[in-house]
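Architecture and fold: a report
Here are the chains, one letter per residue:
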Amino acid sequence: MLRGILTLRCPGCRRGQLFSGLITMPERCPVCGLYFEREHGYFVGAMAISYALAVGSVAVLFFGLLWLTHWPLEWVLLVSGAAFLPLAPLCFRYARALWIYMDRRMDPDDPKDRR
């Protein structure tokens, strides 16, 4: 399961890709046909995971930069925030992967998933 999350693969077959672009998800798995979004607003919970990943990443960047440079806090915060921006799509992608795997683990078979 961890390998599927890290490689951003379908939770059903672990062969199909979750994303077809940088942040674009297809409606269903191209290999097994599993629907990724079970209902409208399905990925709202992934926003909390994305927030936690973002805060953790900025904190690591902030304290690492503070330790290395000894700049004033305002500059460290500004630079660490700017350095995080390229990582934002990764937080989005992995938050959705974690959410869909967690949800499929708790409620694996929904009859609407494969049509």
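Below you will find a few notes about this structure. (Residues numbered from 1 in each chain as written. Predicted model: local features only at pLDDT ≥ 70, side-chain atom pairs only at ≥ 80, totals over all residues. Heavy atoms only, no water.)

With respect to the packing of helix H2 (residues 44–69) against helix H3 (residues 73–84)
For clarity, the threshold we go by: In this description, a line fitted to the C-alpha atoms serves as the axis of each element, helices being fitted only across the stretch in contact, and the angle between N-to-C directions of two axes falls anywhere from 0 to 180 degrees. The secondary structure listing takes helices from DSSP runs of H or I that are at least 4 residues long and strands from runs of E that are at least 2 residues long, numbered from the N terminus. The cut-offs work like this: below 35 degrees is roughly parallel, past 145 is roughly antiparallel, 65 to 115 is roughly perpendicular, and the gaps in between are oblique. Crossing handedness is read from the near helix: turned anticlockwise from the far helix by less than a right angle, it gives a left-handed crossing, and turned clockwise, a right-handed one. Throughout, a residue-residue contact means that at least one pair of heavy atoms, one from each residue, lies within 4.5 Å. When residue character is reported, Ala, Val, Leu, Ile, Met, Phe, Trp, Tyr, Cys and Pro are called nonpolar, Asp, Glu, Lys and Arg charged, and the others, Gly included, polar.
Axis separation between H2 and H3 bottoms out at 9 Å; the angle between their running directions is 135 degrees. When the axes of H2 and H3 are compared, the pair comes out oblique. Regarding H2 and H3, the two cross each other, and that crossing is right-handed. Taken together, the residues of H3 that come into contact with H2 (itself represented by Ala54, Ser57, Val58, Leu61, Phe62, Leu65, Leu66 and Thr69) are Leu73, Val76, Leu77, Val79, Ser80, Ala83 and Phe84. Of the residues contributing to the contact of H2 with H3, the split by class is twelve nonpolar, three polar and no charged.

Quick word on the packing of aromatic side chains
To keep things clear, this is the line we draw: For this analysis, a ring pair means two rings from Phe, Tyr or Trp (six-membered ring only for Trp) whose centres lie within 6.5 Å, classed as stacked if their planes differ by under 30 degrees, edge-to-face if by over 60, and tilted for the remaining angles. Relative accessible area decides the class of each residue, using a 1.4 Å probe on protein chains only: under 20% of the type maximum gives buried, over 50% gives exposed, and in between gives partly exposed. Sitting over a ring, as applied to charges here, requires NZ of Lys or CZ of Arg to be within 6 Å of the ring centre and within 35 degrees of the ring normal.
Evaluation of the coordinates by the stated rule reveals three aromatic pairs. For the pair Phe62 and Phe63, a centre-to-centre distance of 5.1 Å together with 85 degrees between the ring planes defines the contact as edge-to-face. Among the residues examined, Phe63 registers a relative accessible area of 54% and is labelled exposed. In this structure, Arg93 packs its charged tip against the face of Phe19, placed 4.7 Å from the ring centre. The side chain of Arg96 reaches across the aromatic face of Phe43, ending 4.2 Å from its centre.

Considerations on H3
Note the cut-off: Helices are assigned an expected span. That span is 1.5 Å times one less than the residue count. To be clear, the arc concerns the directions from the helix axis to the C-beta atoms.
For H3, with twelve residues, the first-to-last C-alpha span of 16 Å sits near the 16 Å given by 1.5 Å per residue. Listed as buried for H3 are Val76, Ser80 and Phe84. For H3, the angular spread of the buried residues around the axis is 65 degrees, confining them to a single face. Projecting away from the buried face of H3 at angles above 90 degrees are the exposed residues Glu74, Trp75 and Leu78. Among the structural elements, H2 and helix H4 (88–106) are those in contact with the buried residues of H3.

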